[in-house]
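These are the residues of each chain, in order.
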Amino acid sequence: MFRQCILLNTLDVSRFNTDNVTDMSGMFESCGSLTSLNLYNFNTAKVTDMSCMFFGASSLNKLNLSRFNTSLVTNMSQMFSGASRLASLNISNFNTANVKSMAEMFNNCSSLTILDVSHFNTAQVTDMRYMFAGCINLVELNVSNFNTAVVTNMSHMFSSTGANASTWSLGGVSSWNTALVTDMSNMFEMMAPNAEYTLELSGWNVDRVTNYLNFNAGVDTKITPPVWNTGVELAA
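Residues numbered from 1 in each chain as written. Predicted model: local features only at pLDDT ≥ 70, side-chain atom pairs only at ≥ 80, totals over all residues. Heavy atoms only, no water.

A. Quick look at the overall build of the protein. Per the secondary structure count, the protein includes zero helices and six strands. Ordered by position in the sequence, the α and β elements of the protein form the string β-β-β-β-β-β. Relative to its length of 236 residues, the protein is compact, with a C-alpha radius of gyration of 18 Å against a globular reference of 18 Å. Evaluated residue by residue, the protein yields a buried proportion of 47% over its 236 residues. When contacts within the protein are restricted to residue pairs at least 6 apart in sequence, long-range pairs at least 24 apart make up 78% of them. Total accessible area on the protein is roughly 10300 Å²; 45% of this is exposed by carbon and sulfur atoms. Side-chain charges in the protein split into 10 positive and 16 negative, and the spacing between the mean points of these groups amounts to 12 Å. (Helix = DSSP H or I, 4+ residues; strand = E, 2+ residues; numbered from the N terminus. Rg over C-alpha atoms; globule rule 2.2 N^0.38 Å. Buried < 20%, exposed > 50% of the residue type's maximum accessible area, 1.4 Å probe, protein only. Contact = heavy atoms within 4.5 Å. Areas by Shrake-Rupley, 256 points an atom, 1.4 Å probe, with all protein chains shown as cover. Lys, Arg positive; Asp, Glu negative; His and termini not counted. Charge placed at Lys NZ, Arg CZ, Asp CG, Glu CD.)

B. Molecular detail of unusual backbone geometry. Its identity is not glycine, yet asparagine 186 carries a phi of approximately 55°, on the positive side. Within the secondary structure layout, asparagine 186 lies in the loop between strand 4 (169-171) and strand 5 (199-200). Taking the relative accessible area as the measure of exposure, asparagine 186 reaches 11% and is therefore buried.

C. The arrangement of the pattern of salt bridges in detail. By the definition in use, this model includes one salt bridge. Here aspartate 127 ties to arginine 129 by a salt bridge, and the two come within 2.7 Å at their closest N and O atoms. The buried category is assigned to aspartate 127, whose relative accessible area is 11%. (Salt bridge = Lys/Arg side-chain N within 4 Å of Asp/Glu carboxyl O.)

D. Looking closely at the environment of valine 47. Relative to the helices and strands, valine 47 is located in the loop between strand 1 (36-38) and strand 2 (62-64). Ignoring sequence-local partners within four residues, the contact set of valine 47 consists of Val21, Thr22, Met24, Leu72 and Val73.

E. The packing of aromatic side chains, seen in detail. Applying the stated criterion across every chain, the model contains 17 aromatic pairs. Both rings, one in tryptophan 204 and one in phenylalanine 215, keep their centres 6.4 Å apart while their planes meet at 80°; by these two values the pair is edge-to-face. Taken together, the residues tryptophan 204 in the loop between strand 5 and strand 6 (223-224) and phenylalanine 215 in the loop between strand 5 and strand 6 connect sequence positions 11 residues apart. Comparing tryptophan 204 with phenylalanine 215 shows no difference in burial state: the two are buried. Ring geometry for tyrosine 212 against tryptophan 228: centres 4.1 Å apart, planes inclined by 5°, an arrangement best described as stacked. Within this pair, whereas tyrosine 212 is found in the loop between strand 5 and strand 6, its partner tryptophan 228 is found in the segment after strand 6, the two being separated by 16 residues in sequence. Given a relative accessible area of 18%, tyrosine 212 falls into the buried group. (Phe/Tyr/Trp six-rings, centres within 6.5 Å; stacked < 30°, edge-to-face > 60°.)

F. Representation of the environment of asparagine 216 in the model. Here asparagine 216 shows up in the loop between strand 5 and strand 6. Taking the C-alpha atoms as reference, asparagine 216 lies 23 Å from serine 101; in sequence the two are 115 residues apart. When sequence neighbours within four positions are dropped, the list of residues in contact with asparagine 216 reads Phe188, Ile223 and Pro225. A polar contact of 3.1 Å, which involves the side chain of asparagine 216, links it to the backbone oxygen of isoleucine 223. (Polar contact = N/O pair within 3.5 Å; in protein donor to acceptor, adjacent residues only side chain to side chain.)

Okay, here's the thing in structure tokens:
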């Protein structure tokens, strides 16, 4: 709707009636001059697609999503990707029970230091590639509640996450169910390279993984990888 309105620096949508809207994908995509956006009055109860909704909104530093109803949303891929000036993001009200794709959801949200996704229901998510990639200023992330039983793609999921951090905590990944994952390439590449931490992943089930190139590149002394199935031919 406002896609690529690159010079737009203010926007009042307080009187919008969104009661029957089902698709908000790309709604504010590449609105690179917007600094704030108040969507408090948006009714999102019927929305199923929020992919790329704030993609490339690179000047956005204030975003009120406190009344978002996401109970029917199935696609959140690239939702906040490239929102590089967001220093905080409160999504504690998000219901993600029906979401199938979170690919690149927070990709390059480079100003975030804390991101609370501990309440996320990821039971139906199949794609988590690049989910937190490029979140270079994150200092902690708790994903212990993630249900990864049906995830097939984790490529670049934490690539360069915490790259600028001097301290780093990633909670919960060691116990993930990775039985269906086929792509783990670059998953932890350069994740918090300047911080002191260790990650033990030798217990992961990687029987179906066909691509694990650069899995822990740059941080191989910090992360103990799974025992790869060397009988599988690596994908190019």
